[in-house]
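Listed below, chain by chain, are the residues.
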Amino acid sequence: MEFLIITGLSGAGKSRAADVLEDLDYYCVDNLPVKLMPRFAELCLDTQGRYEKVALVTDVRERESFGELLSTIDELKKMDCTVRILYMDADLRTLVRRYKESRRPHPLAGPGYPIEKAIAREEELLAPIKERADYVVNSTNLTLGMLQNRLYQLFAGEGKKRELNITVMSFGFKHGIPLEADLVFDARFLPNPYYVDELRPLCGLDRPVAEFVFSYQQTRTFMEKIQDLIDYLLPLYLEEGKLGLTIAIGCTGGHHRSVAIAAALNAYFCAKGLSSTNINRDVEK
């Protein structure tokens with residue numbers, strides 16, 4: 001069983017790190033008292049494999065027993081647990097700025113004790129743990145996406161990489177633009193199968209409708225331009241830490257053109273090995 005102890009300076013990104021590790025199938029617990037860690041490990045071991053990877057966030061908020069962390073880690077190792085320490089760090093200027101932006105008090109600050117002194121005291125208390133850390137991640141100049149990439153490199157394991165979950169949604173403008181849409185494309189300029197009697201009762205998932213829609217050069221050009229744009233944007237979204245992207249394709253009623261284009265775009269992403277889902281919001285309306 002693997003235990004990852006997430007500790008470090010307050011404001012350096014421990015909670016953010018825990019969020020990322022949850023996506024990597026770690027069971028995360030924030031601010032678990034140090035004295036409870038061995039008992040918690042026993043409970044996890046008793047589940048016989050249900051909790052194979054556990055991340056525990058602890059820091060100087062646990063004032064009374066935090067000094068026992070290193071001896072507790074040694075105790076966990078005697079229980080045949082693999083224990084590693086992730087230490088989150090950042091420079092003084094960055095920490096002060098983050099606390100002012102969040103308007104939260106530093107756990108060691110108080111009346112007549114400025115935040116700079118509180119951070120210096122915290123660094124002093126954490127120095128022995130930092131020396132024992134298996135990983136030290138300095139978040140000073142890291143965006144959320146960069147932090148995610150760094151943690152994936154350290155803990156994702158072989159063959160697993162961070163990817164964007166794509167949803168391609170068709171909709172009808174007369175029913176309103178989807179609130180969850182990140183990108184919206186209007187297909188109402190394309191020839192409309194609704195005005196072809198034999199196609200009207202069908203939808204864009206039916207082959208005759210799709211063939212009609214894609215028989216026009218403007219449709220094929222439209223698709224190429226959307227694909228080029230998304231191919232350019234996907235790595236940039238990932239770099240900034242975005243985990244989900246909803247692409248909405250709209251036509252008048254959400255039955256024909258948008259449905260055919262959304263299905264084709266979803267197939268394009270799937271063929272590239274991307275995680276993509278097709279939803280046709282208004283096709284039954």
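Residues numbered from 1 in each chain as written. Predicted model: local features only at pLDDT ≥ 70, side-chain atom pairs only at ≥ 80, totals over all residues. Heavy atoms only, no water.

**Notes on the packing of aromatic side chains**
Here a ring pair, both rings aromatic, is described through the centre-centre distance and the interplanar angle of the planes. Under the defined criterion, the tally for this structure stands at 8 aromatic pairs. Seen from their ring centres, Tyr26 and Phe155 are 6.4 Å apart, and the 80° between their planes marks the pair as edge-to-face. Here Tyr26, found in the loop between α1 (14-23) and β2 (27-30), pairs with Phe155, found in helix α6 (residues 144-155); they are 129 residues apart in sequence, far enough to count as distant. In this pair, the class of Tyr26 matches that of Phe155, namely buried. Their ring planes at 50° and their centres at 4.8 Å tell us that Tyr27 and Tyr51 sit as a pair that is tilted. Separated by 24 residues along the polypeptide, Tyr27 in strand β2 and Tyr51 in the loop between α2 (37-46) and β3 (53-57) bring together distant segments of the chain. A relative accessible area of 38% places Tyr27 in the partly exposed class. Grouping aromatic residues by their ring pairs yields a cluster made of Tyr26, Tyr135 and Phe155. Its end group placed over the ring of Tyr194, Arg200 keeps NZ or CZ at 4.8 Å from the ring centre. (Phe/Tyr/Trp six-rings, centres within 6.5 Å; stacked < 30°, edge-to-face > 60°. Helix = DSSP H or I, 4+ residues; strand = E, 2+ residues; numbered from the N terminus. Buried < 20%, exposed > 50% of the residue type's maximum accessible area, 1.4 Å probe, protein only. Lys NZ or Arg CZ within 6 Å of the ring centre and 35° of its normal.)

**So, the pattern of salt bridges**
One pass over the structure, following the stated rule, counts 15 salt bridges. For Asp59, the salt bridge goes to Lys14, with nearest N and O atoms at 3.4 Å. Of the two residues, Asp59 sits in the loop between β3 and α3 (69-78) while Lys14 sits in helix α1, which places them 45 residues apart along the sequence. For Lys14, a relative accessible area of 6% translates into the label buried. Asp186 is paired through a salt bridge with Arg188; the nearest N and O atoms lie 2.8 Å apart. Here Arg188 falls in the partly exposed class, since its relative accessible area comes to 39%. (Salt bridge = Lys/Arg side-chain N within 4 Å of Asp/Glu carboxyl O.)

**So, a nonpolar patch on the surface**
Residues Leu229, Tyr232 and Leu236 make up a contiguous nonpolar surface patch of roughly 290 Å² in combined accessible area. When you line up the elements, Leu229 lands in helix α8 (residues 217-239). (Patch = residues over 30% accessible without salt bridge, like charges linked within 9 Å, V, L, I, M, F, W, Y side chains within 5 Å. Areas by Shrake-Rupley, 256 points an atom, 1.4 Å probe, with all protein chains shown as cover.)

**A few points about α2**
Of all the positions in α2, only Met37, Pro38, Phe40, Ala41 and Cys44 are classed as buried. Considered in projection along α2, the buried side chains sweep an arc of 160° and stay on one side of the axis. On its buried face, α2 sits against β1 (2-8), β2, β3 and α3. Among the residues trailing α2, Gln48 stands out with phi positive, at a value near 55°. (Arc of directions from axis to C-beta. Contact = heavy atoms within 4.5 Å.)

**Regarding the nonpolar core**
The biggest cluster of nonpolar side chains holds 51 residues, and the ones touching the most others in it are Phe3, Ile6, Leu21, Leu56, Leu86 and Phe155. In terms of residue count, the dominant contributor to this core is strand β4 (residues 82-89) (5 residues). Excluding anything up to four places from it in sequence, Leu86 contacts Leu4, Ile5, Ile6, Thr7, Ala17, Tyr135, Val137, Leu151 and Phe155. (Core = buried A, V, L, I, M, F, W, Y, C linked by side-chain atoms within 4.5 Å.)

**Some remarks on the packing of α2 against α3**
Each pair of packed helices can be summarised by the angle the axes make with each other and by the distance between the axes. Two elements in contact, α2 and α3, have axes separated by 9 Å at closest approach and are oriented at 25°. Taken together, the axes of α2 and α3 are roughly parallel relative to one another. Here the hand of the crossing between α2 and α3 comes out right-handed. Contact residues: α2 offers Met37, Pro38 and Ala41, while α3 offers Leu69, Thr72, Glu75 and Leu76. Tallied by class, the residues present in the contact of α2 with α3 amount to 5 nonpolar, 1 polar and 1 charged. (Axes fitted to C-alpha atoms, helices over the stretch in contact; angles between N-to-C directions. Parallel < 35°, antiparallel > 145°, perpendicular 65-115°, else oblique. Left-handed = near helix turned anticlockwise from the far one by under 90°. Nonpolar A, V, L, I, M, F, W, Y, C, P; charged D, E, K, R; others polar.)

**Considerations on α6**
The end-to-end C-alpha distance of α6 is 16 Å, a good match for the 16 Å that 12 residues give at a rise of 1.5 Å each. Among the residues making up α6, those that are buried are Gly145, Leu147, Gln148, Leu151, Tyr152 and Phe155. One side of α6 carries all its buried residues, which in axial view fall inside an arc of 155°. (Expected span 1.5 Å × (residues − 1).)

**Thoughts on the sheet that holds β1**
One open sheet holds the 5 strands; their spatial order is β2-β3-β1-β4-β5, and the pairing between them is parallel. The sheet is open, and its two borders are formed by β2 and β5 (135-138), each paired with just one other strand. Each strand of the sheet is rotated relative to its neighbour by a mean of 20°, with strand direction disregarded. Bridge analysis of β4 against β5 gives 4 bridges, and the strand direction is parallel. Paired with Leu86 across the strands is Tyr135, a residue of β5. (Pairing = 2+ DSSP bridges.)

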